Amino acid sequence: MQDFQKLIQKKKFWNGLAVVLGFITLLFSLLVVLVLFYDLAKTGVPRLSTDFFLNFPSRFPAKAGILSAWVGTLAVMGVTALCAIPLGVATGVYLEEYAPQNWFTILIELNIVNLAAVPSITFGLMALGIFVYEFGFGNSILTAGLTLGLLVLPIVIVATRESLRAIPQTIREASMSLGASRWQTVRDHLVPYSSGGILTGVIIALSRAIGETAPLITIGALTFIAFLPHPPFIADPPFISFQWLSDAFTVLPIQLFNWVSRPQEEFHVNAAATGVVLLSLTLLMNAVAIYLRYRFRRGIKW
Amino acid sequence: MKLGKKEAALRRRFHQKISEFVIESLLFTAALVSVLLTVAIAGILIKESIPFFEHVSLKEFLTEREWTPMFDQARFGILPLVSGTLLTALIALMVAIPLGTIAAIYLSEFVSPPTREIFKPCLELLSAVPTVVYGYFALLFVTPILRNFFPEIGFNVLSAGLVIGVMIIPYVSSLSEDAMRAVPNDLREGSYAMGATRIETAIKVVFPAALSGITSAYILGISRAIGETMVVAIAAGMQPNLTWNPLEPSETITAFIVQVSMGDLPHGSIGYQSIYVAGLTLLIITMVFNVIGFVLRRFFREAY
């Protein structure tokens with residue numbers, strides 16, 4: 001009897017230990033993010049000022065700012081979204097709603113899974129060879145946006161497919177039995193109902209693109225940029241200009257990399273301040289995505 | 001009158017058929033882009049690598065122990081870059097696989113679903129941090145801490161590897177957790193009924209049953225660790241170095257590509273070609289691990 005009790009105690013002990021270990025692991029990862037943020041904030045926050053946001057980079061650390069970087073990030077993200085959202089949603093819709101069960105569909109699916117494992121820097125090499133030299137786009141906002149758009153494409157595709165799959169088959173049958181065609185079903189029912197999940201995926205995708213550095217360095221973006229891209233709106237008709245697409249650019253993570261690679265301490269402070277801005281942006285986007293996912297999961301009951 | 005109506009209806013159906021066809025073709029084209037993308041990546045890497053091997057023999061590439069493509073006396077041995085890459089990835093995996101697996105077991109087997117909803121985002125935050133911020137962290141936070149133990153280190157592989165390890169924990173844990181949760185409950189209940197505790201069930205029943213999916217998680221972790229760029233470029237020192245000592249500076253394949261891209265690079269020069277050769281090597285290494293993963297997954301697959 002006592003042997004049994006001892007055995008049970010021993011088992012309970014190990015089980016308890018596992019619980020503690022698991023909890024500590026989670027706590028550790030949360031702690032890393034907190035320490036990282038605190039370390040950045042401690043060095044960087046005092047440097048944040050209006051001037052820091054409104055100045056161009058400079059040789060003098062105290063005068064340097066991130067104006068061209070955040071404007072560049074904004075412009076590049078616009079192109080990225082315009083590239084990744086239509087392509088990703090269309091691919092997701094095709095694979096879920098249209099694709100026949102054949103070897104080619106399986107090839108496309110396998111390919112998307114594999115793309116997620118391809119190192120991001122090879123996307124940069126592809127962009128350098130094809131967009132920069134073959135197509136002659138140069139190291140421009142257009143090249144950067146397309147590169148990042150293709151890089152995060154799998155995230156959008158997977159999110160679209162998952163939220164389409166969550167819609168019960170009965171919705172499709174009901175729509176089609178009322179005479180709606182396949183496309184009408186997709187346009188009027190499936191895409192609107194899955195838009196929450198798609199939106200979450202798009203935000204996650206953009207938050208990855210915003211911090212992505214390596215592929216942009218590869219296309220030659222690591223240069224000194226002390227000017228803004230051309231404005232998208234002009235005074236003369238047709239009032240909209242696409243000149244900015246072919247402008248050279250810099251983005252927040254590249255500016256950060258530039259500053260952290262210098263030996264002077266003062267530039268490290270600038271790097272930390274940029275890091276605070278960048279990290280706040282990505283964490284905010286992820287928080288929004290997590291909140292949206294939570295809300296949509298709760299809100300919809302079929 | 002009646003005929004006209006019928007004709008109109010027919011015409012409408014015809015138009016609809018056409019527009020349905022056009023839309024399906026458009027959607028198919030979009031899906032085709034992802035395939036073309038893979039072809040483009042592999043194609044351009046191979047195309048730009050071919051002229052490189054007209055200068056450098058494959059034997060020199062694989063056996064030469066120095067990599068100095070930008071020097072006057074250029075040497076083209078990929079070994080130092082490969083060793084740097086594998087060493088960094090190894091350190092990262094020594095962090096990510098144990099921690100990621102523990103986190104996955106905990107989330108899948110020990111925690112109630114509402115708590116999981118709260119805990120999981122905490123883990124996902126790790127993958128939300130931009131890699132360049134991790135690089136800053138590795139250079140200006142982790143390296144100074146390591147200096148307490150090893151006073152004379154500067155740039156080093158260890159800090160980069162450790163930070164990458166933490167960074168890829170969510171990749172390992174999230175897929176592992178999915179795999180473990182997909183294990184049918186009958187198996188767990190059978191184990192509990194035999195008097196096993198949760199941890200015994202997790203390790204001896206659920207983990208082996210989910211091993212196929214867990215392998216995918218590990219392979220994704222390896223791919224991420226091998227392909228990670230900015231952390232090593234910032235913290236590991238960018239010096240090709242054929243060494244297994246993690247306290248020395250070294251350079252990975254990815255960091256080399258960054259280093260060369262930072263300078264002005266004439267299109268078609270040997271330096272330009274060398275980054276494509278490096279990229280091709282990187283892709284091949286990643287693919288080898290993915291094929292190994294595919295085979296292992298087949299091997300471990302269990303059907304219920």
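Residues numbered from 1 in each chain as written. Chains lettered and ligands numbered in written order. Predicted model: local features only at pLDDT ≥ 70, side-chain atom pairs only at ≥ 80, totals over all residues. Heavy atoms only, no water.

Chemist: Explanation requested: the overall build of chain B in the structure shown.
Modeler: Helix and strand counts for chain B come out as 13 helices and 0 strands. N-terminal to C-terminal, the α/β element order of chain B is α-α-α-α-α-α-α-α-α-α-α-α-α. Once the C-alpha set of chain B is aligned to its principal axes, its extents read approximately 90 × 65 × 35 Å. Residue burial in chain B is summarised as follows: out of 304 residues, 52% are buried. (Helix = DSSP H or I, 4+ residues; strand = E, 2+ residues; numbered from the N terminus. Buried < 20%, exposed > 50% of the residue type's maximum accessible area, 1.4 Å probe, protein only.)

Chemist: So what exactly am I meant to see when it comes to the overall build of chain A here?
Modeler: From N to C terminus, chain A includes 11 helices and 0 strands. Seen in sequence order, chain A has helices and strands lined up from the N terminus as α-α-α-α-α-α-α-α-α-α-α. Taken over the C-alpha trace, chain A has a radius of gyration of 24 Å; the compact-globule value for 302 residues is 19 Å, which it surpasses by more than 25%. C-alpha extents for chain A along the principal axes are approximately 75 × 70 × 35 Å. Taking all 302 residues of chain A together, 51% fall into the buried category. If you take every contact in chain A between residues at least 6 apart in sequence, the share linking residues at least 24 apart comes to 74%. Carbon and sulfur atoms form 68% of the exposed surface of chain A, whose accessible area is close to 14,700 Å². Mean positive and mean negative side-chain charge positions of chain A (20 and 15 charges, respectively) differ by 12 Å. (Rg over C-alpha atoms; globule rule 2.2 N^0.38 Å. Contact = heavy atoms within 4.5 Å. Areas by Shrake-Rupley, 256 points an atom, 1.4 Å probe, with all protein chains shown as cover. Lys, Arg positive; Asp, Glu negative; His and termini not counted. Charge placed at Lys NZ, Arg CZ, Asp CG, Glu CD.)

Chemist: Looking at this structure, I do not really get the confidence of the model for chain B. What am I missing?
Modeler: Any segment with low pLDDT has predicted coordinates that should not be analysed in fine detail. Here chain B averages 88 in pLDDT, and 98% of its residues register 70 or above. Model confidence for chain B, summarised as mean pLDDT per element, is weakest for helix 2 (residues 58-63) of chain B at 83 and strongest for helix 6 (residues 157-167) of chain B at 94. (pLDDT = per-residue confidence, 0-100.)

Chemist: How should I be thinking about the domain arrangement of chain B in this particular structure?
Modeler: Residues and elements named next belong to chain B. In terms of domain boundaries, chain B breaks down into domain 1 (2-55) and domain 2 (79-300). Spacing between the C-alpha centres of domain 1 and domain 2 amounts to 36 Å. Contact with domain 1, which involves 10 residues of that partner, is made by 10 residues of domain 2. For the pair domain 1 and domain 2, the two sides together bury roughly 890 Å², of which 82% comes from carbon and sulfur. Among the residues of domain 1 in contact with domain 2, Leu-45, Glu-48 and Phe-52 are the three that bury the most area, contributing 59% of the side total. Across the contact surface, domain 1 and domain 2 share 0 salt bridges. Grouping the constituent residues of the side of domain 1 that touches domain 2 by class yields 7 nonpolar, 2 polar and 1 charged. (Domains from an automatic or database assignment. Buried area = accessible area lost by both parts, 1.4 Å probe. Salt bridge = Lys/Arg side-chain N within 4 Å of Asp/Glu carboxyl O. Nonpolar A, V, L, I, M, F, W, Y, C, P; charged D, E, K, R; others polar.)

Chemist: Which parts of the structure should I look at to understand the interface of chain B and chain A?
Modeler: Quoted interface sizes are often the accessible area lost when the parts come together. Taken together, the contacts link 75 residues of chain B with 74 residues of chain A. Summed over both sides, the interface between chain B and chain A buries roughly 6,700 Å², with carbon and sulfur atoms accounting for 76% of that surface. Of all residues in chain B, Leu27(B), Leu37(B) and Tyr136(B) bury the most surface against chain A, accounting for 10% of the area lost on that side. Our enumeration of links across chain B and chain A arrives at 3 salt bridges. Of the charged contacts, one joins Glu200(B) and Lys11(A) as a salt bridge, the two residues approaching to 3.2 Å between their closest N and O atoms.

Chemist: What exactly am I supposed to notice about the environment of Tyr294(A) here?
Modeler: Residue and element names in this part refer to chain A. Positionally, Tyr-294 belongs in helix 11 (residues 265-299). Exposure remark for Tyr-294: the relative accessible area of 41% places this residue in the partly exposed category. Sequence spacing of Tyr-294 and Thr-200 is 94 residues, and the spatial spacing of their C-alpha atoms is 10.0 Å.

Chemist: I tried to follow the side chain of Thr200(A) on my own but got confused; where do I start?
Modeler: Along the chain, Thr200(A) falls in helix 8 (residues 182-211). Under the relative-accessibility criterion, Thr200(A) is labelled buried at 7%.

Chemist: Is there a simple way to think about the packing of helix 7 (residues 169-181) of chain B against helix 10 (residues 211-227) of chain B in this case?
Modeler: When two helices pack together, their arrangement is given by the angle between the helix axes and by the axis-to-axis distance. All names here are of chain B. For the pair helix 7 and helix 10, interaxial distance at closest approach is 8 Å and the crossing angle is 170°. Between helix 7 and helix 10, the crossing angle belongs to the class labelled roughly antiparallel. Of helix 10, the residues touching helix 7 (which contributes Tyr-171, Val-172, Leu-175, Ser-176, Ala-179 and Met-180) are Gly-213, Ile-214, Ser-216, Ala-217, Tyr-218, Leu-220, Gly-221 and Arg-224. (Axes fitted to C-alpha atoms, helices over the stretch in contact; angles between N-to-C directions. Parallel < 35°, antiparallel > 145°, perpendicular 65-115°, else oblique.)

Chemist: I keep staring at helix 3 (residues 79-110) of chain B and nothing clicks. Help me out?
Modeler: Structural remark: α-helix, 3.6 residues per turn; residues separated by three or four positions point the same way. All names here are of chain B. Look at helix 3: 44 Å from first C-alpha to last across 32 residues, which is about the 46 Å you get at 1.5 Å a residue. The sharpest bend along helix 3 measures roughly 30° and falls at Leu-93. The buried fraction of helix 3 amounts to 24 of the 32 residues, a majority that puts the element mostly inside the structure. (Expected span 1.5 Å × (residues − 1). Bend = angle between axes of the 7 residues up to and from the residue.)

Chemist: I would appreciate a short explanation of the pattern of salt bridges in the present structure.
Modeler: Where charged atoms of side chains with opposite charge meet at close range, the side chains can pair. For the structure shown, the criterion picks out 13 salt bridges over all chains. Residues Glu124(B) and Arg293(A) are paired through a salt bridge, measuring 3.3 Å at the closest nitrogen-oxygen approach. Within this pair, whereas Glu124(B) is found in helix 4 (residues 113-128), its partner Arg293(A) is found in helix 11, the two belonging to separate chains. Using a relative accessible area of 30% as the deciding quantity, one classes Arg293(A) as partly exposed. In this structure, Arg181(B) and Glu177(B) form a salt bridge, with 2.9 Å as the shortest nitrogen-oxygen distance. In this pair, Arg181(B) and Glu177(B) both sit in helix 7, 4 residues apart, roughly one turn of the helix.

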